[in-house]
Every structure is written in structure tokens, then in C-alpha cells.
Amino acid sequence: MRIIVEGNQALRGTYRVAGSSNAAIGLIAASMLSAEPITLSNVPDTASVRAILAIGESIGLKVEDLGAGKHRLHTPAIDTRQLDSESADVTSGNILLLAPILARRQHARLLIDVPLSRYHPHLTALRDLGCTVKAEGGVIDFDLPRWDIREIMLMQTSVTATALVAMLAAACGKETIIHNAASEPHITDLLHLLRGMGVGIDGGGSNLLRVRGVEQLGGGAMSVAPDHIEAASAAAIGAITAGRVIVEGVRAVDLGLILKVYERLGLRPDLDGDTLNLFAPMPLTISERDEDVDLAIDTAPWPGFPSDLAAMATVIATQAQGMVLIHEKLFSNRLLFVDKLNAMGAQIVLCDPHRAIVIGATRLQGDYIDNPDVRTGLAMLAAALCADGTTTIDNAEVFERNFEGVLGKLTALGAHIMVK
């Protein structure tokens, strides 16, 4: 899909945040741990959620769509022990379906078509739980016995590894202690659902979890949390287009450090209950100065500034007077998108795969953008909306992968977006 974006349009109105796709994926996988029904509400209609529901149905999940984002999920039995390469994708979260297969069938097989190294943190965590893992060619076989007490240390503060281990601990272990666990909002949601299904969990929201599993998990109900990345992105887009956008349905506890970083970039946040508004006096003025640069923004595991907002912070920095260092500490090559911003008139120096220096403020000019990454896509859309002229964005379907109806919601605010 290709879209044409007309820039320099002030957006105004109310934007309603959808449920988090990342949270929904984990909750759908967790529902399959039990033979009892689970009801999820506020489920976003995104490509990633539709994909995991379809894969779940292929292995035994029964889905009843109750309308308005509400689904009744029921998995009487797991019908297969195998996930193919698409279903085992780490980056999409589909690999979380490995948990209910292992929990209810004790054996599983993954077919993969990417380097095995992508799975190392997850495979190490499974081995630490006592799982036998045999990898040969493009096939990984698993055999997981039940256990009484296990204590493990995750190699990385990985959301996916934490979710996998927590689900397996809930269904297969009597007591499991997990060090270096992730604590992102979607992990907190997953733990909340597991508690509702009868599992004892201490330490939710921290990096040390104690899980007391049960042999038979019960049913439950849960509302998917609002997507904090979408909320922060929509508010920022409204601000840097010199508009006034009220973002509704946010969860304030998930936005704490994000808004602190935005405020240092010169944005003025107004958070009132479940509504958020950002005001941007243009050009932005950095509120606090660091020593070597005017401002340094570091990504970090939660509750640090999320990597998924590094690109949006970079775009905001192009509109702020001063020198801003963006330090992506978690992932390599996530800053390569800055070449696209430079082509639009930004002044950004890519120091290495982890650091970029943004010199602002600059007026951006419309350009052609090919294949925006799902993690940088909303930031490139923000750049297009605040730029002069028109911007063509190819492969724009990535916007709908994790964010429900985002193009339509921005159009309703006055954005000039034409689908080709």
C-alpha cells in the first residue's frame, strides 16, 4: 500500500487509543494454557493480532467474536505439537504459542528459516527451566518435564523470554523464581491474567518474579491495556504539527518517563486521568541542558525510555533548538532510519549503529520514503505530517500491523492522507 501525505497541516480533535497489540498477543497465548474459556475485551483489530488468532485456531483455539473488540477464547485441546517458520517468528511474538503447546503436550517442534542466534535468549531460558532442546538444521525439538522448584536468570531483559518463562512456570512448575525479568506494561498485563487463572505471582512490575504454578489453570476475563506507544506517538504527532489533539483512553502509569523525556525536548504535557494532550511552543526549546550536548536521550529496559519511541524522539528533536544525542542502547541498527530524515532536510549525524546526534531546529521537506519499519513507521509519518510539501510512503501497511486504524484516526483529525 502506498500513501501520499500532505504536510504542514495542524491536527485537531480527539484521538482514541486502541488496545495494545503486544499485550493482546501475550494474553491470547496465555488463554491457551487452560481448557477453560477466557474472555478478552479491548482487543485491537491489527494485522499482528489477526495473525496470532489464525495460528492459534490452527492448533486448537476456538475464537468467538463478541463484537466491539471482545473475544471469547476457548482451547479444549492442543491439536498439534508443531509451529512452522511463520508461526515461530520471534519478532512478531508468535513464538509465545510455544508455551501452551509445551504446557499441555510436553513436546513441541519449531521449524525456523532464520539464524538460530535470534532464538538464543529464549532457548537458554527454556534449558534453564529443564527443557531439553535439540536444534538441527531448521528444526528445533523441545521436551519439557514438570518441576518443583527452579531459579533462573534471563540472559537479557527480554519481553518475549519473560512471557515464555512466566507462562510455562504458571502451568508446569510448583515454584519458579525469575531474575532479570522484563516489566513492560504488556508483561504486567500477562501476569494479571495468569493470577486471574489461579496462578500465584509475586513481583509483578519488577525484574524479580516468583511464580507458583497450578496443575489446571482456570478461566478468566481481562481488558487489554491501551497501547502506550500509540498514545505517546499520537500525542507527539498532534504537538509537532502545531495542532491540539486530545488523546483519550491512556493509562497514566505507563507514560511517566516518556512524558519526562518529551518535556525535556520542549513539549508541555497535560495528563488528566485517562486523557493526554501535548502542547508544542514552536520552535521547541530544550528545558534542561546536559554537559556534552544540549540533551541526551537513552533508551533502556522498562521503566526506562522505550526503544520503540526512539524514532519519534528523533523526529521531535529535529524540531527543537539545540543538539540532541539519541543513544539506542538496546538494539543495533535501529537508527539507520535517520538517512530518511536527512533526505527530508534534517541535520543528523549517525555516529555508529547506536548513537545519532540531531542538530535542530530544521524545517523538513516532503520526500519519498520506502518500506518504513514497524518500529519507526509512526515517526516517519510524524515527519511527513509536519514537513512542507507532500511525502510518498510505500509499504504503508506496516502502520496497521500493530496500531488499529491509525491512518483513519489521523485523517479524522485533519491529516491529508491519500491511499494509492
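All values reported here derive from a predicted model rather than from experimental measurement. (Residues numbered from 1 in each chain as written. Predicted model: local features only at pLDDT ≥ 70, side-chain atom pairs only at ≥ 80, totals over all residues. Heavy atoms only, no water.)

Peer 1: It is not clear to me how the pattern of salt bridges should be interpreted in this structure. Could you clarify?
Peer 2: Under the defined criterion, the tally for this structure stands at 14 salt bridges. Between Asp45 and Arg50 there is a salt bridge, with its nearest N and O atoms 2.7 Å apart. The exposure class of Asp45 is partly exposed, given its relative accessible area of 46%. Between Asp254 and Arg251 there is a salt bridge, and its shortest N-O distance comes to 2.8 Å. Taking relative accessible area as the criterion, Asp254 reaches 6% and is therefore assigned buried. The exposure class of Arg251 is partly exposed, given its relative accessible area of 28%. One continuous salt-bridge network, built from bridges that share partners, spans Asp189, Arg251 and Asp254. (Salt bridge = Lys/Arg side-chain N within 4 Å of Asp/Glu carboxyl O. Buried < 20%, exposed > 50% of the residue type's maximum accessible area, 1.4 Å probe, protein only.)

Peer 1: Whenever I open this one, the sheet that holds strand β5 (residues 70–74) confuses me. Can you help?
Peer 2: Read across the open sheet, the 4 strands follow the order β4-β5-β3-β14; overall the sheet is mixed. Single-partner strands in this sheet number two, and they are β4 (62–67) and β14 (220–223). In this sheet, adjacent strand axes meet at a mean angle of 20° when their direction is disregarded. (Pairing = 2+ DSSP bridges. Helix = DSSP H or I, 4+ residues; strand = E, 2+ residues; numbered from the N terminus. Axes fitted to C-alpha atoms, helices over the stretch in contact; angles between N-to-C directions.)

Peer 1: When you look at a nonpolar patch on the surface in this model, what are you seeing that I'm missing?
Peer 2: Taken together, the side chains of Met323, Val349 and Ile359 present a nonpolar region at the surface, about 210 Å² in accessible area. Here Ile359 lies in strand β22 (residues 355–360). The exposure class of Ile359 is partly exposed, given its relative accessible area of 31%. (Patch = residues over 30% accessible without salt bridge, like charges linked within 9 Å, V, L, I, M, F, W, Y side chains within 5 Å. Areas by Shrake-Rupley, 256 points an atom, 1.4 Å probe, with all protein chains shown as cover.)

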